[in-house]
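One-letter residues, chain by chain:
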Amino acid sequence: MEDERDPVSLDRDRGRSFPLLQTDRLILRRLEPADQEFLVSLDTDAQVMQFIHSGPLTKDEAQKFASAQIDLARFSYHLGKWVLELKRDGTSLGWVQVTKYRQARKREDGGDDVQIAYELAPEYWGVGYATEACRAVLHYVFGKLQLDRIVAFIRQENRRSQRILDKLGFAQDGTCRDDARNQCLFFVLTRIRWQLRTESPTKSEHGNYAVDDKAKFNLKQ
Ligand SMILES: CC(C)(COP(=O)(O)OP(=O)(O)OC[C@H]1O[C@@H](n2cnc3c(N)ncnc32)[C@H](O)[C@@H]1OP(=O)(O)O)[C@@H](O)C(=O)NCCC(=O)NCCS
């Protein structure tokens, strides 16, 4: 029997559809072909790409990258890229993704890690959307998939992103380098820590989530 907690097995499972997540203000849905130009607009934006190893992509590079991601999304189950849409009017404002961690830094037990990353269009920064979306994704990753931990790495200068990881409960665990050899901070959040935080008296700050329209999670799960 496949181990549900192994991200590689999860990658290979073709039997289930990609989860639709919801928060108070957002819908998190699967990437679709119609998102091509939206992805291009993010990846060519100098402000959005300031701390991403590649820097802003050219239009041509961004088109190719977006096409590849959209192709991949057709075969993504359980994990991948969620497009964030405003519930109030359906506007796409960014994405959150959870993918296999492919950098040099390995787990001590030799297993695979998954990493979280996110990008929002600048006009939507500063009102808590990224944190809200990440909380829903973490709730799914820990509550439903039962993964034991999730990692993130970000450039030291990316204070805004560090603040998001702080709010989510990630703990810094040393440093690493991105694909351009930039020094980055490495962060880890374990399921145990997540559960302790969501079960604490301040859990109301974690908001309300749903996976699909039917399956609501109990925050104490
Ligand atoms: C990082 C990013 C997703 C943040 O999105 P967002 O919706 O503005 O984030 P949130 O509003 O949920 O939280 C941002 C937090 O950073 C804080 N912040 C903003 N600028 C800051 C700064 N210069 N220094 C420290 N904290 C800062 C905000 O006050 C907020 O914290 P608070 O809720 O305690 O006030 C967005 O800026 C982005 O897309 N950046 C480009 C892509 C990127 O760098 N991604 C991360 C690498 S994967």
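Keep in mind that this is a model prediction, so the values were computed, not measured. (Residues numbered from 1 in each chain as written. Predicted model: local features only at pLDDT ≥ 70, side-chain atom pairs only at ≥ 80, totals over all residues.)

A. Structural view of the pairing of strand S4 (residues 92-100). Note: strand S3 (residues 81-86) against S4, five bridges, orientation antiparallel. Opposite Trp82, over in S4, you have Val96 as the bridge partner. Hairpin connection from S3 to S4: five residues lie between these consecutive antiparallel strands, with Gly90 at a positive phi of about 80°. Across seven bridges, S4 lies against strand S5 (residues 114-120) in antiparallel orientation. Bridged to Thr99 within S5 is Gln115. (Pairing = 2+ DSSP bridges. Helix = DSSP H or I, 4+ residues; strand = E, 2+ residues; numbered from the N terminus.)

B. Spatial organisation of the site of the ligand. Within the structure, the ligand sits among 20 residues, and Trp125, Ala130, Thr131, Arg159 and Arg163 are positioned closest to it. Elements with a contribution of two residues or more to the shell around the ligand: S5, helix H4 (129-144) and helix H5 (159-168). Broken down by element, the shell around the ligand gets its largest block of residues, five residues, from H5. When its residues are assigned to classes, the shell around the ligand shows eleven nonpolar, five polar and four charged. (Near = placed C-beta within 6 Å. Nonpolar A, V, L, I, M, F, W, Y, C, P; charged D, E, K, R; others polar.)

C. Inspection of the nonpolar core at higher detail. Within the largest apolar cluster, 39 residues are counted, with the highest numbers of intra-cluster contacts made by Leu28, Leu84, Val96, Ala133, Cys134 and Val137. Breaking this core down by element, the ones donating at least two residues are strand S2 (26-30), S3, S4, S5, H4, strand S6 (149-155), H5 and strand S8 (183-190). Sort the elements by how many residues they give to this core and H4 lands first, with ten residues. Aside from chain neighbours lying at most four places away, what touches Cys134 is Val96, Ile116, Tyr118, Ile164 and Leu168. (Core = buried A, V, L, I, M, F, W, Y, C linked by C-beta atoms within 7 Å. Buried ≥ 20, exposed ≤ 12 C-beta atoms within 10 Å, placed from the backbone. Contact = placed C-beta atoms within 7 Å.)

D. Layout of helix H2 (residues 36-43). For H2, every residue scored as buried is listed here: Leu39, Val40, Leu42 and Asp43. The buried residues of H2 occupy an angular sector of 160° when projected down its axis, which confines them to one face. In this structure, the buried side of H2 is in contact with helix H3 (59-73) and S5. (Arc of directions from axis to C-beta.)

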